[in-house]
Amino acid sequence: MIDFADKTAIVTGAASGIGAAVARELAALGARVVVSDLDQSACERVAAEITGAAGTAWGHAADVADPQANADLVAFAEAQTGALHLAVNNAGIGGAQAPVGEYPLEAWRKVMAVNLDGVFYGMRAQIPAMERAGGGAIVNMGSILGSVGFANSSAYVASKHALIGLTRTAAMEYGTRGIRINTVGPAFIQTPLLTDNLDQAMLDGLAGLHPVGRIGTPEEVSALTCFLLSDRASFITGSYHLVDGAYTAQ
Ligand code: NAP
């Protein structure tokens, strides 16, 4: 049984999709959760859902691409609860769709700023707080596209490959200091990241790329994430865990 009682967690990108599912499950398992995303009212909406279900949560807006916003987010979590133990660096964007030779420069920089710099800035602020708390665990939200390519998504694919190296290195640095750090790699998941950008025919096409014959749910990603954050995963650090309906088994 996973029990996050007396643990404080930050989840970024938590107003939607996978992040919201993780925030809800962490709270259901006893954690105090800081729900963070770009828009304050969206953060507060998810936090209110959690408190309405007898959980403990606060909303706090932060742009992960801003180092100071990450520091302020950690300070907020410590001010509310006294310590930070868990973090899920989940905020991410898909970016433009174009081949490398035509990829818009601004779109490249934006994807890297959110998907890669944002995770670095997050961990850079979270790790010292977890050391102050006596230890902790971090999950960085990667993708199957951290291990395979996907045409017309070079920035996204490159950011998710780099995130795995960043995670491995941080895990090595903090392995003896009580902080475990892992990457979760989902395949295609039913969230606004997909549903806002693709029509039903495209979603059906994506489903067919998975040997299980469907795309995944945010809750299926959350289940793995919460396990990795828990003490049940005490010897698991520095690794990359797929939740992908056999997408990469082919
Ligand atoms: P989502 O539903 O779009 O949720 C992502 C959330 O992050 C949104 O609320 C978004 O806000 C927010 N966000 C965007 N930029 C941000 C920033 N700079 N700072 C803070 N928050 C920001 O997407 P999702 O599918 O749940 O994706 C969550 C993570 O899973 C991402 O890292 C994504 O790469 C990864 N992932 C998703 C899939 C998939 O198929 N869905 C597959 C593999 C991996 P706005 O809506 O206001 O932009």
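The coordinates are above.
Residues numbered from 1 in each chain as written. Predicted model: local features only at pLDDT ≥ 70, side-chain atom pairs only at ≥ 80, totals over all residues. Heavy atoms only, no water.

## Let's talk about the overall build of the protein chain
Broken down by element type, the protein chain carries 8 helices and 7 strands. Reported as C-alpha extents along the three principal axes, the dimensions of the protein chain are approximately 50 × 35 × 35 Å. Taken over 250 residues, the protein chain has a buried fraction of 52%. Taking all contacts inside the protein chain whose residues are at least 6 apart in sequence as the whole, residues at least 24 apart take part in 70%. On the protein chain, roughly 10,900 Å² of surface is accessible, and the fraction owed to carbon and sulfur atoms is 55%. (Helix = DSSP H or I, 4+ residues; strand = E, 2+ residues; numbered from the N terminus. Buried < 20%, exposed > 50% of the residue type's maximum accessible area, 1.4 Å probe, protein only. Contact = heavy atoms within 4.5 Å. Areas by Shrake-Rupley, 256 points an atom, 1.4 Å probe, with all protein chains shown as cover.)

## Looking at the pattern of salt bridges
The final tally for this structure, using the stated rule, is 6 salt bridges. One salt bridge in this structure joins E131 and R177, with 2.9 Å as the shortest N-O distance. With a gap of 46 residues between them, E131 in helix α4 (residues 105-133) and R177 in the loop between α5 (154-174) and β6 (179-186) connect regions that are remote in the sequence. One salt bridge connects E220 with R214, and the closest N-O pair in it is separated by 2.7 Å. The exposure class of E220 is partly exposed, given its relative accessible area of 33%. (Salt bridge = Lys/Arg side-chain N within 4 Å of Asp/Glu carboxyl O.)

## So, the packing of helix α3 (residues 67-81) against α4
It is at 8 Å that the axes of α3 and α4 come closest, and there the two elements cross at 30 degrees. Comparing their axes, α4 and α3 come out roughly parallel. Remark: the crossing between α3 and α4 carries right-handed chirality. Taken together, the residues of α4 that come into contact with α3 (itself represented by P67, N70, A71, V74 and E78) are G118, Y121, G122, A125, Q126, A129 and R132. When its residues are assigned to classes, the contact of α3 with α4 shows 6 nonpolar, 4 polar and 2 charged. (Axes fitted to C-alpha atoms, helices over the stretch in contact; angles between N-to-C directions. Parallel < 35°, antiparallel > 145°, perpendicular 65-115°, else oblique. Left-handed = near helix turned anticlockwise from the far one by under 90°. Nonpolar A, V, L, I, M, F, W, Y, C, P; charged D, E, K, R; others polar.)

## A short note on the sheet that holds β6
The strand order across the open sheet formed by 7 strands is β3-β2-β1-β4-β5-β6-β7, and the pairing between neighbours is parallel. The open sheet has two edge strands, β3 (56-59) and β7 (240-243), and neither has a second partner. Neighbouring strand axes in the sheet, compared pairwise and without regard to direction, differ in orientation by 20 degrees on average. On the sheet, helix α1 (residues 17-28) packs against β1 (8-11), β2 (32-35), β4 (86-89), β5 (136-141) and β6 and is oriented at approximately 170 degrees with respect to β1. (Pairing = 2+ DSSP bridges.)

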